[in-house]
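Examination of the molecular architecture
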Amino acid sequence: MSDALSHAALPGVVISFLIFQEKDFFLLIIGATISALLGAFLIMLIKSTTRITSDTAMGLILAVFFGGGIVLLTVVNRNSNGNQAGLDSFIYGQAASMIWSDVVITTILAATVILIILIGFKEWKLLLFDPNFAKGLNLSIKGMNTVYLIILVLTIVIGIQAVGVILMSALLIIPPVSARYWTHSFRKMMWLSGLFGGMAGTIGTTISALGSGWPTGPFIVMISGLIFLLSLFFGAKKGIVVEYLIFRNKKNEVLKLMPPAQIVREGKR
Amino acid sequence: MTDVLQVEKLSAAYRKNIILNDVSFTIPQGTLTCIVGPNGAGKSTLIKVLLGLHPNLSGDVSFFGELLKNVKKKVGYVPQRGSVDWDFPTDALDVVMMGMYGQIGWVKWPNKSHKEKALDALRKVGMADYANRQISELSGGQQQRVFLARALIQNADLYFMDEPLAGVDAATERAIMAILRELKKEGKTVLVVHHDLQTVEDYFDQVLFLNRTVVAHGAITSTFTANNIKKTYGGTVRWLKEGIGIVHSTI
């Protein structure tokens, strides 16, 4: 879902620019939010009214919205008034060109998202694990899904500024997947994935600042990927190395418990 | 005996296929009822429709003489084991505590007494030793018992269980049935979707034959007859008077 929604944000950014002829960060992310929410709404609509599965619906919306965004971007570039430069950086991100007001807006949005998660932490967990049971406890599944979509879109528009619409989904997906290798607890997994995301952001930005003209977003995503690789192999709960060590220890244990090999064997050797 | 569940002229469909048609029955308090019927008879659908998890086309359902939304706290549900992702990052104790989320309320975290209660429920189903085990590392029967513990902790008056005995071994089956009998003793009512005709007589006191509609419903002694089984399952099951067993007819 995050992949489709981050791509679906692009046309909103461009349309917002076309209307206001301004590269104001706040206006642009409002455009992005509306467009991503529209994408989410269309995905739900397709899913509930046709026989198309959600995977297909997401692929459809992703491609159409992103294609539309690119077309609009070309239009903007044609009617160039010298002001649009940097608009296409929404595709790849522009973390290096963020200014103070961008940081403030991003922080406020992020704090809102975190607050909403904290308010209903166990309810969110239940919704993700067993929605039918959640319904039995009188939780409004529709309402919670709507709020979930809204905070997902908020998270996406925050990240778009940093890494762009294409790589944003990587930032949403990779840290939690990496965290899953270290813990079996939902709460710890949340903290860890936040930590991993933050680490990737910090290290990636620092590296890109070392060279001139090195792109920030891609570096962040690369570091994120590196953290995933480390987790995959060395993760304390499901990591490949750990699993292998457990397997080997068990094997030795079992071998030790086995009776010594038979001296007399029947049949031919 | 009062009726805790009244269903009148209920029907439901998946797309073009009518799965349930004109289903009417009442469940008296303190009974252990099993719902039996062939695959595709609408057993699971019936429970989902009753609990509002699947829309109905027509009919009325009343719980304790009221609409479900007013008495949700008095109704517990044990879903089929396959309905959730068991790789979810959580442990057995945590899953059981989910049964109390309604009481705990928003913002607040479960405290020590909630944890104690959850442990008690796990003890009841014989799973106390597995409290901190990641749920994907539990066997099928253990997962089923965790679900049962989660329902028990809700302290409901009416329970719906969707095939709680599917794919569990004999020991687990006995443990689960002992708990269901205890619930009955406490005056609670349990509806179970069941598959094994051989154990119906031993485990339950009421039977509801379902095949798209109610074929027969009543006390085991009067209703669980060869004739009703044949009516429900068609010719595919032959009921052997002597030596209980199910024989698939040759085609």
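Residues numbered from 1 in each chain as written. Chains lettered and ligands numbered in written order. Predicted model: local features only at pLDDT ≥ 70, side-chain atom pairs only at ≥ 80, totals over all residues. Heavy atoms only, no water.

- In the nomenclature of an unreviewed UniProt entry, chain B is known as Metal ABC transporter ATP-binding protein of Lysinibacillus telephonicus.
- Comment text from UniProt for chain B, heading Sequence similarities (unreviewed entry), reads "Belongs to the ABC transporter superfamily." (UniProt positions renumbered as here; feature names shortened; annotations may be inferred.)

A short note on the overall build of chain A
- Secondary structure summary: chain A contains eleven helices and zero strands in total.
- Along the chain direction, N to C, the helices and strands of chain A fall in the order α-α-α-α-α-α-α-α-α-α-α.
- The C-alpha atoms of chain A give 24 Å as radius of gyration, which overshoots the globular expectation for 269 residues (18 Å, by more than 25%).
- Dimensions of chain A, computed from the C-alpha atoms along their principal axes, are close to 95 × 55 × 40 Å.
- A buried classification covers 40% of the 269 residues belonging to chain A.
- The contacts of chain A with a sequence gap of at least 6 include a subset with a gap of at least 24, amounting to 64%.
- For chain A, the centre of its 20 positive side-chain charges and the centre of its 11 negative side-chain charges are spaced 14 Å apart. (Helix = DSSP H or I, 4+ residues; strand = E, 2+ residues; numbered from the N terminus. Rg over C-alpha atoms; globule rule 2.2 N^0.38 Å. Buried < 20%, exposed > 50% of the residue type's maximum accessible area, 1.4 Å probe, protein only. Contact = heavy atoms within 4.5 Å. Lys, Arg positive; Asp, Glu negative; His and termini not counted. Charge placed at Lys NZ, Arg CZ, Asp CG, Glu CD.)

Focus on the environment of A:L128
- Summarising the element assignment, A:L128 is placed in helix α6 (residues 121–129).
- A relative accessible area of 44% places A:L128 in the partly exposed class.
- Sequence separation between A:L128 and A:N145 is 17 residues; the distance between their C-alpha atoms is 9.9 Å.
- Excluding its chain neighbours within four sequence positions, the residues that come into contact with A:L128 are A:F186 and B:F88.

Here's the deal with the interface of chain A and chain B
- Tallying the contact residues gives 27 residues for chain A and 32 residues for chain B.
- Carbon and sulfur atoms make up 63% of the surface buried where chain A meets chain B, a total of about 2,700 Å² over both sides.
- Together, A:K122, A:F129 and A:F133 form the three largest contributors to the area buried by chain A at its contact with chain B, with a combined 29%.
- Two residues, B:D87 and A:K238, come together in a salt bridge whose shortest N-O distance is 3.4 Å. (Buried area = accessible area lost by both parts, 1.4 Å probe. Salt bridge = Lys/Arg side-chain N within 4 Å of Asp/Glu carboxyl O.)

As for the nonpolar core
- Counting residues in hydrophobic clusters, the biggest one holds 65 residues, and the most contacted among them are B:L122, B:M161 and B:L180.
- It is helix α5 (residues 140–153) of chain B that contributes the most residues to this core, seven residues altogether.
- Among all residues touching B:M161, those that are not within four sequence positions of it are B:I47, B:V78, B:L148, B:L180, B:L183, B:V190, B:L191, B:V192 and B:V193.
- The next biggest cluster of nonpolar side chains, apart from the first, holds 50 residues, and it includes A:F66, A:V153, A:M189 and A:F196. (Core = buried A, V, L, I, M, F, W, Y, C linked by side-chain atoms within 4.5 Å.)

Details of the environment of B:L119
Residues and elements named next belong to chain B.
- Looking at the secondary structure, you find L119 in helix α4 (residues 112–124).
- Judged by its relative accessible area of 22%, L119 falls in the partly exposed class.
- Those residues in contact with L119 that lie beyond four places of it in its chain are L93 and A131.

Considering the layout of surface pockets
Residue and element names in this part refer to chain A.
- Its volume calculated, the second largest pocket comes out at about 800 Å³.
- Taken together, 23 residues make up the lining of the second largest pocket; nearest its centre are M44, K47, I141, K142 and N145.
- Breaking the lining of the second largest pocket down by element, the ones donating at least two residues are α2 (25–49), α3 (54–78), α7 (131–136) and α8 (141–180).
- Looking at side-chain class alone, the lining of the second largest pocket contains 13 nonpolar, seven polar and three charged residues. (1 Å grid on protein atoms, 1.4 Å probe; cavity = no way out; pocket = protein on both sides within 12 Å on 5 of 7 lines; lining within 4 Å. Points joined across faces, edges and corners; volume = space filled by probe spheres on them. Nonpolar A, V, L, I, M, F, W, Y, C, P; charged D, E, K, R; others polar.)

Details of the pattern of salt bridges
- Here the structure, examined in full by the defined rule, presents eight salt bridges over all chains.
- For the salt bridge of A:R180 with B:D87, the shortest nitrogen-to-oxygen distance reads 3.8 Å. Of this pair, A:R180 sits in helix α8 while B:D87 sits in the loop between β5 (75–78) and α2 (92–97), which puts the two residues in different chains.
- Look at B:D87 and you get partly exposed, because its relative accessible area is 35%.
- One salt bridge in this structure joins B:K184 and B:D205, with 2.5 Å as the shortest N-O distance. In this pair, B:K184 is assigned in helix α6 (residues 170–185) and B:D205 in the loop between α7 (197–203) and β8 (206–211), connecting sequence segments 21 residues apart.
- Overlapping salt bridges bring together A:R180, A:K238 and B:D87 as one network.

Some thoughts on the side chain of B:T189
Residues and elements named next belong to chain B.
- Along the chain, T189 turns up in strand β7 (residues 189–193).
- Of the residues examined, T189 reaches a relative accessible area of 0% and is grouped as buried.
- Of the polar contacts made by the side chain of T189, one reaches the backbone nitrogen of G30; its length is 3.0 Å. (Polar contact = N/O pair within 3.5 Å; in protein donor to acceptor, adjacent residues only side chain to side chain.)

Examining helix α9 (residues 226–233) of chain B
Residue and element names in this part refer to chain B.
- Buried residues of α9: N228, I229, T232 and Y233, and no others. Angular distribution of buried residues about the axis of α9 spans 115 degrees; they occupy a single face of the element. The exposed residues of α9 that point more than 90 degrees off its buried face are N227, K230 and K231. (Arc of directions from axis to C-beta.)

Focus: the sheet that holds strand β4 (residues 58–63) of chain B
Residue and element names in this part refer to chain B.
- If you walk across this open sheet you meet the three strands as β2-β1-β4, and the pairing is antiparallel. If you trace the sheet from one side to the other, it starts and ends with β2 (17–28) and β4, each paired once. Strand-to-strand twist across the sheet, computed as the mean angle between neighbouring axes with direction ignored, equals 15 degrees.
- Looking at chain direction, strand β1 (residues 3–14) and β2 are connected through eight bridges and run antiparallel. Directly across from L10, in β2, lies its bridge partner V23. (Pairing = 2+ DSSP bridges. Axes fitted to C-alpha atoms, helices over the stretch in contact; angles between N-to-C directions.)

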